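Secondary and tertiary structure notes
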Amino acid sequence: MTERVRTDIHGGVLTVTLDRPKANAIDVATSQALHAAFDLLRREDSLRVAVLTGAGDRFFSAGWDLKAAAQGEDIDADHGPTGFAGLTEFFTLDKPVIAAVNGLALGGGFELALAADLVVAAEHAEFALPEVNLGMVADSGGVLRLPKRLPAAIASDLLLTGRRMTASEAQRWGLINRVVPAADLVDRATEMADRICAAAPLATAAVKEIIRRTESLDVESGYHLLRSGDLPNYRAMLDSADAEEGPRAFAEKRPPRWEGR
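Read on for a plain summary of the structure. Here the structure is a predicted model, which is why all the values come from computation and not from measurement.

How each quantity is defined
Residues numbered from 1 in each chain as written. Predicted model: local features only at pLDDT ≥ 70, side-chain atom pairs only at ≥ 80, totals over all residues. Heavy atoms only, no water. Helix = DSSP H or I, 4+ residues; strand = E, 2+ residues; numbered from the N terminus. Salt bridge = Lys/Arg side-chain N within 4 Å of Asp/Glu carboxyl O. Buried < 20%, exposed > 50% of the residue type's maximum accessible area, 1.4 Å probe, protein only. Pairing = 2+ DSSP bridges. Axes fitted to C-alpha atoms, helices over the stretch in contact; angles between N-to-C directions. Parallel < 35°, antiparallel > 145°, perpendicular 65-115°, else oblique. Left-handed = near helix turned anticlockwise from the far one by under 90°. Contact = heavy atoms within 4.5 Å.

**Here we look at the environment of A100**
Considering the arrangement of structural elements, one finds A100 in strand β5 (residues 97–101). Measuring from C-alpha to C-alpha, the distance between A100 and L225 comes to 33 Å, with 125 residues separating the pair along the chain.

Laid out in structure tokens, this is it:
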């Protein structure tokens, strides 16, 4: 994409590396490059999952580039319909994203991790939303997502004080999936990505669709939605050749051959 956002493809895994020294901060050009990377994931049928990480071992991302903001870049106007760091792509993306958090995830960097489906963090990683100490609010997902993911007291603590949360604390509260040694971070995230690639593509798309559409529903309402026919990915999965191939491969004791149809 650009030097500040590097992409690498191995099989069905797209690795996206934010590489903008010193803090992997995100200005408009970087935001647009991230959006382009996730749009590539969306468009290319051969790509099944993305791993998002940062270059270096200190910062995953410091979030919005405050120096660029001080020079006149406007978060809302300049990012346009793609949103900060292409976060709008995450809201409807039917392919999983794994955040491999290699260091500090601050502000928008934390919001990027929160928007991912799975999070693997290095042992020294820390997370914070310091916007209130800068006269702002973490409105690219943080103030909306944290109260849904954490007990109210913990979410309020993070949002109102801007304090840092360690990787082990984040795992304890269920915000991240795994904490690993820094040297193993990308390998562990890629292993998770490979496991997703081994699953049926229509089934993973259906899982993401169901989670997205039932987030605010109780179980009974979600069940009725499943039966309503109003979930196109779920419907496509049920009617697919892959839904027949999976049980057949299991019965024949062989790996399935997914066709994505």
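That shown, we press on.
**Some words on the pattern of salt bridges**
Evaluation of the coordinates by the stated rule reveals 18 salt bridges. Between D39 and R43 there is a salt bridge, and its shortest N-O distance comes to 2.8 Å. Here R43 and D39 lie together in helix α1 (residues 28–43), a separation of four residues that amounts to about one turn.

**Observations concerning the pairing of β5**
Consecutive side chains of a regular strand alternate in pointing toward one face of the sheet and then the other. Along β5, five of the five residues are buried, which leaves the element largely enclosed by surrounding structure. By the alternation rule, side chains of β5 split into V97, A99 and V101 and I98 and A100, which are all buried. In the sheet, strand β3 (residues 49–54) pairs with β5 via four bridges, with the strands oriented parallel. Considered in β5, the bridge of T53 is made with A100. As judged from the four bridges shared by β5 and strand β7 (residues 118–122), these two strands associate in the parallel manner. By the bridge assignment for β7, V101 is matched with A121.

**Focus: the packing of helix α5 (residues 108–115) against helix α6 (residues 142–149)**
Close contact between α5 and α6 brings their axes to 10 Å; oriented N to C, the two are set at 50°. Considering the angle they form, α5 stands oblique to α6. Along this stretch, α5 crosses α6, giving a crossing that reads as left-handed. From α5, F110, E111, L114 and A115 reach across to α6, where they touch G142, R145, L146 and R149.

**Examining unusual backbone geometry**
Across residues other than glycine, the phi torsion is negative in most instances, and most of the peptide bonds are trans. Across the junction of P21 and K22, the peptide omega takes the value 10°, indicating a cis bond. Looking at where K22 falls in the secondary structure, it is placed in the loop between β2 (13–18) and α1. Of note, K253 is a non-glycine position whose phi angle comes to about 55°, a positive value. By the secondary structure assignment, K253 is in the segment after α13 (241–251).

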